[in-house]
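Descriptive structure summary
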Amino acid sequence: MCTFFTTLDIVLPIFLLIVLGFLLRQIGILDETGCGRMNTFAFNVLVPAMVFYNIYTADAASFRNPRLLLFCTGSVTALFLLLMAAVPRLERDPARVGVMIQGIFRSSFVVLGMGLATSMYPGQDMSIIAIASTVVAPLFNACAVICLEVHSQGRRPDPKKIALDVIKNPLILVSILAVLLLAAGIRFPAAIDTAIKSVSSTATTISLIVLGGGLTFRGIGSYKKELGGGVAAKLLLLPLVFIPIAVWLGFSQMELLCILILFASPSPVTASIMARNTPGADWQLAGQIVVFSTTLSVASLFCILYVLLSLGLL
């Protein structure tokens, strides 16, 4: 019973913030335009500030063990290649193929993941997850561009375009800057340091509220098969495959939590935005995958965390 309430204390704050955003949208305090602008603000300012601060204040020793980064890179790449081969055989509509691939392999690694980690390990060093994001973020972006261009537009992806999209990503830019400052031992004056910390501390709360405000359940009738398969693969199949492998390889505690976040958290809002900006992609399906994977992830994450806590792995 103690494990049950511990798990509830970890998951419930995240769920309540998402519900708050949804309720604010229903009573008119938030609207679609406002949520879109706040999401852009969070993606370009708040979340990069959070990633920057976590890396900038990290223990440099965190970079000396590349095992976790290698696992994240290898497993995501293998999953992406498998989906690129399998999904076109199951879904014949090219407008939906790339969207489904992206919806399954991509996750809310930074926003929801950092919130989950903070809720589980309050006051502890989050540098492991922040450092992992320097690998995961560009990999997610590059793979998303490839699958959407290949299947939605029916053409070979442009390596220059992919490289440019990755380089322009604010998470990548701030990660590189933070790593350079950390390696050089450069520290900001106390006032600047405090300001960055203050901005970064708001990232998870605001991002989760905006995520809830953007949820909409309209137009799901024509996507039942795709939603059922995509969300089940995202929230159930991937954790059942990759978490046991990670445990077998000896990952535990914060490293295992990082892997759990990578494979068990829902599809991010940016997946819907990217699909909407890709000609030929079914962006409405992308949005519904975000909605339902986010909503149902509350239950799936609770179950996974409960099992891992009961086994003493987290």
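Check the entry above for the structure.
What this report covers is the structure whose coordinates are included nearby.

What counts as what
- Residues numbered from 1 in each chain as written.
- Predicted model: local features only at pLDDT ≥ 70, side-chain atom pairs only at ≥ 80, totals over all residues.
- Heavy atoms only, no water.
- Helix = DSSP H or I, 4+ residues; strand = E, 2+ residues; numbered from the N terminus.
- Buried < 20%, exposed > 50% of the residue type's maximum accessible area, 1.4 Å probe, protein only.
- Contact = heavy atoms within 4.5 Å.
- Areas by Shrake-Rupley, 256 points an atom, 1.4 Å probe, with all protein chains shown as cover.
- Lys, Arg positive; Asp, Glu negative; His and termini not counted.
- Charge placed at Lys NZ, Arg CZ, Asp CG, Glu CD.
- Phe/Tyr/Trp six-rings, centres within 6.5 Å; stacked < 30°, edge-to-face > 60°.
- 1 Å grid on protein atoms, 1.4 Å probe; cavity = no way out; pocket = protein on both sides within 12 Å on 5 of 7 lines; lining within 4 Å.
- Points joined across faces, edges and corners; volume = space filled by probe spheres on them.
- Nonpolar A, V, L, I, M, F, W, Y, C, P; charged D, E, K, R; others polar.

Quick word on the overall build of the chain
Check the secondary structure of the chain and you find 14 helices and zero strands. Order of helices (α) and strands (β) in the chain, N terminus to C terminus: α-α-α-α-α-α-α-α-α-α-α-α-α-α. Reported as C-alpha extents along the three principal axes, the dimensions of the chain are approximately 55 × 50 × 45 Å. Residues classed as buried in the chain amount to 51% of the 314 residues present. Restricting the contact set of the chain to residue pairs at least 6 apart, pairs at least 24 apart contribute 85%. As displayed, the chain offers around 14,300 Å² of accessible surface, 69% of which is attributable to carbon and sulfur atoms. Within the chain, the 14 negative side-chain charges are centred at a point lying 5 Å from the centre of the 20 positive side-chain charges.

Regarding the packing of aromatic side chains
Here the structure, examined in full by the defined rule, presents eight aromatic pairs. For the pair F52 and Y56, a centre-to-centre distance of 5.4 Å together with 15 degrees between the ring planes defines the contact as stacked. One end of the pair, F52, and the other, Y56, are both in helix 2 (residues 32-56), four residues apart, so they sit about a helical turn from each other. Relative accessible area serves as the criterion here: at 0%, Y56 is assigned to the buried category. Here the aromatic rings of F80 and F105 are separated by 5.4 Å at their centres, their planes lie at 75 degrees, and the arrangement is edge-to-face. Of this pair, F80 sits in helix 3 (residues 67-90) while F105 is found in helix 4 (residues 94-105), placing the two residues 25 residues apart along the sequence. Classification of F80 by relative accessible area gives buried; the value is 6%. Its relative accessible area of 1% is what places F105 among the buried residues. These aromatic residues form a ring-pair network of at least three members: F52, Y56 and F188.

Some points on empty space enclosed by the protein
Under the defined criterion, the tally for this structure stands at two cavities of 30 Å³ or more. Considering only enclosed or pocket space, the largest cavity measures out at about 380 Å³ in volume. Along its surface, the largest cavity is lined by 22 residues, and F43, V110, V111, P268 and T270 are the ones closest to its centre. Broken down by secondary-structure element, the contributors of at least two residues to the lining of the largest cavity are helix 2, helix 6 (127-152), helix 10 (203-213) and helix 13 (269-276). Looking at the lining of the largest cavity element by element, the count peaks at five residues for helix 6. Residue composition of the lining of the largest cavity, grouped by class: 13 nonpolar, eight polar and one charged. Estimates place the volume of the second largest cavity at around 60 Å³. Along the walls of the second largest cavity sit V11, I14, F15, I18, L112, P266, T294, S297, V298 and L301, which together make up its complete lining. Counting only elements with at least two residues in the lining of the second largest cavity, the list comes to helix 1 (2-26) and helix 14 (283-310).

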